[in-house]
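Here are the chains, one letter per residue:
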Amino acid sequence: MAKVAVPGNGNVFLLDIEGTTTPITFVKEVLFPYIKDNVQEYLSAHWEEDECKQDVHLLKKQADDDSKHHRSGPVHSFDQTVHTDEEKAIQEVVDNVLWQMAEDRKTTALKQLQGHMWRAAYTTGKIRGEVYEDVVPAIRKWRRLGMKVYIYSSGSVEAQKLLFGYSTEGNVLELFDGHFDTNIGAKVESKSYQRIAESIGCSADNIMFLTDLTREAKAAEEAGVKVAVVVRPGNAELTEEDKSHYKLITSFSELALPDSA
């Protein structure tokens, strides 16, 4: 694939994670299966700890809300305080977590528990964040040239930092100037990219956004951000219209940097 030129005024890179810096399979085949396979063991081990109690309390509130709105699923009025049978109480939480995951729900309660489980897995070496081999060398080059690099992912900032802090390339957090998640806005909304530019303190057209999803690329373009779509194994297929409209790269090394960067 031919080199893609980074505009001369582009001195900030904004990077998506899944399908861009990291294989989609890492999320689908490592992170989520880890939760499913280990949630019961994790809850049993941490059941009496304050953090776990807070996680369960939040899940209970979500279950109560689901019940009020007649959402289908294994809705339980679960809480450590209402069960003398700890094993049964834990199983109720497990059932609810697995149901939410099967429904691909993104509730705060579910994300919070998942985040705490992943943190434990990363710090104990059970999981290492996967990063494509072209990513770290490219970012190091960009940084040497004085360019800034930020992450923007739908995963929480904490989850982002765990992935890059405990990665297959070691702790590479020093390569990033900052992290953004959906607290700044949805990735398919152009206003999110305007807010990011304002937060960084630069013009939108100073930013080069790399993503595998064209709906995110479209939103960024509408905000005035420069875009390149990353084509990796397992990423969503692009239409012919997409291929003709967007600049495409298969590796970060295919970006031609401005001489003055």
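Residues numbered from 1 in each chain as written. Predicted model: local features only at pLDDT ≥ 70, side-chain atom pairs only at ≥ 80, totals over all residues. Heavy atoms only, no water.

Where an unreviewed UniProt entry is consulted, the protein appears under the name Enolase-phosphatase E1, with the organism given as Acipenser oxyrinchus oxyrinchus. Looking at the protein in UniProt, the text filed under Function (unreviewed entry) is "Bifunctional enzyme that catalyzes the enolization of 2,3-diketo-5-methylthiopentyl-1-phosphate (DK-MTP-1-P) into the intermediate 2-hydroxy-3-keto-5-methylthiopentenyl-1-phosphate (HK-MTPenyl-1-P), which is then dephosphorylated to form the acireductone 1,2-dihydroxy-3-keto-5-methylthiopentene (DHK-MTPene)." (UniProt positions renumbered as here; feature names shortened; annotations may be inferred.)

**Notes on the layout of surface pockets**
Of the pockets and cavities examined, the largest pocket occupies roughly 1,300 Å³. In terms of lining residues, the largest pocket is bounded by 42 residues, among which Glu 18, Phe 32, Lys 106, Ser 154 and Gly 155 are the most central. Going through the elements one at a time, α1 (24-46), α3 (86-102), α4 (108-123), α6 (157-165) and α8 (214-222) are the ones with two or more residues in the lining of the largest pocket. By residue number, the principal contributor to the lining of the largest pocket is α4, which donates 9 residues. A breakdown of the residues in the lining of the largest pocket according to their chemical character gives 15 nonpolar, 13 polar and 14 charged. (1 Å grid on protein atoms, 1.4 Å probe; cavity = no way out; pocket = protein on both sides within 12 Å on 5 of 7 lines; lining within 4 Å. Points joined across faces, edges and corners; volume = space filled by probe spheres on them. Helix = DSSP H or I, 4+ residues; strand = E, 2+ residues; numbered from the N terminus. Nonpolar A, V, L, I, M, F, W, Y, C, P; charged D, E, K, R; others polar.)

**Points about α3**
For α3, which comprises 17 residues, the first-to-last C-alpha distance of 24 Å matches the rise-based estimate of 24 Å (1.5 Å per residue) to within 8%. Here the buried face of α3 lies against α1, α2 (50-68) and α4. Near the N-terminus of α3, the side chain that reaches the backbone nitrogen of Glu 87, with its oxygen 3.2 Å away, is that of Asp 85. Immediately downstream of α3, the backbone of Asp 104 shows phi near 55 degrees, a positive value. (Expected span 1.5 Å × (residues − 1). Contact = heavy atoms within 4.5 Å. Polar contact = N/O pair within 3.5 Å; in protein donor to acceptor, adjacent residues only side chain to side chain.)

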